[in-house]
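# Observations on chain architecture
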Amino acid sequence: MPIRTASARWSGNLTDGSGTIKTGKGGYEGNYSFKSRFEEGEGTNPEELIGAAHAGCFSMAFSKALSDEGFTPNSVETTAKVHMDKTDAGFSVTRIELDTVGDVPNVDAGTFQKVAEAAKEGCPISRLLSPGAEITLRATLS
């Protein structure tokens, strides 16, 4: 398997500085700052990028799991809400809420939910994050 890379550059102090984050193959490059991370400023932040990675990984894992069960999805759309809270150990990602909507012909609601939960448990990014953060899932058929 290939090794994936990303990089970041930060200039200045924590509160007044700024930086850029980019993926190794050039698919994404964006600005980030103290305000975009801890307030509501313009730009991205590491937690949004974790959310994007988790939503992308889960959507692919869920699509595969559905197909393995004989249900080829037309689409799976997932949003990840990443919660960062101040804990005794400092700021930590404490919870990620996955909210997914699947357009999946011929699947019943029970099977859809069962496969969604299994995909959440099997998604590599879920496995990475679950020891330190609670991961919840709301799965809806469209």
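Residues numbered from 1 in each chain as written. Predicted model: local features only at pLDDT ≥ 70, side-chain atom pairs only at ≥ 80, totals over all residues. Heavy atoms only, no water.

### Regarding unusual backbone geometry
What counts, and what does not: Starting at the N terminus, helices and strands are each numbered in turn, a helix being any DSSP run of H or I of at least four residues and a strand any DSSP run of E of at least two.
Phi angles above zero are rare outside glycine, and Asn 106 is one such case at about 70 degrees. Inspection of the secondary structure assignment puts Asn 106 in the loop between β5 (90–103) and α3 (109–122).

### Some thoughts on the nonpolar core
Selection criterion: Only buried residues count toward a nonpolar core, which is a set of Ala, Val, Leu, Ile, Met, Phe, Trp, Tyr and Cys residues joined through side-chain atoms within 4.5 Å. A 1.4 Å probe rolled over the protein chains alone gives each residue an accessible area, and that area as a share of the maximum for its type sets the label: buried under 20%, exposed over 50%, partly exposed in between. Contact definition: two residues touch when any of their heavy atoms are within 4.5 Å.
In this structure, Phe 58, Phe 62, Leu 66, Leu 98 and Phe 112 are the most contacted members of the largest nonpolar core, which totals 22 residues. At six residues, helix α2 (residues 46–68) tops the list of elements feeding residues into this core. If near-sequence neighbours (up to four positions away) are discounted, Phe 58 is found in contact with Thr 78, Leu 98, Thr 100, Ala 116, Ala 119, Lys 120, Cys 123 and Leu 137.

### Considering a nonpolar patch on the surface
Our working definition: Residues form patches when they are more than 30% accessible in relative terms and have no salt bridge. Like charges link within 9 Å. Nonpolar side chains (Val, Leu, Ile, Met, Phe, Trp, Tyr) link within 5 Å. Here, Shrake-Rupley sampling with a 1.4 Å probe gives the accessible areas, and only protein chains in the shown set may cover a residue. The term salt bridge refers to a pairing of a side-chain nitrogen on Lys or Arg with a carboxyl oxygen on Asp or Glu at a separation within 4 Å.
Taken together, the side chains of Leu 14, Phe 38 and Phe 91 present a nonpolar region at the surface, about 310 Å² in accessible area. Checked against the element boundaries, Phe 38 lands in helix α1 (residues 34–38). With relative accessibility at 32%, the residue Phe 38 sits in the partly exposed group.

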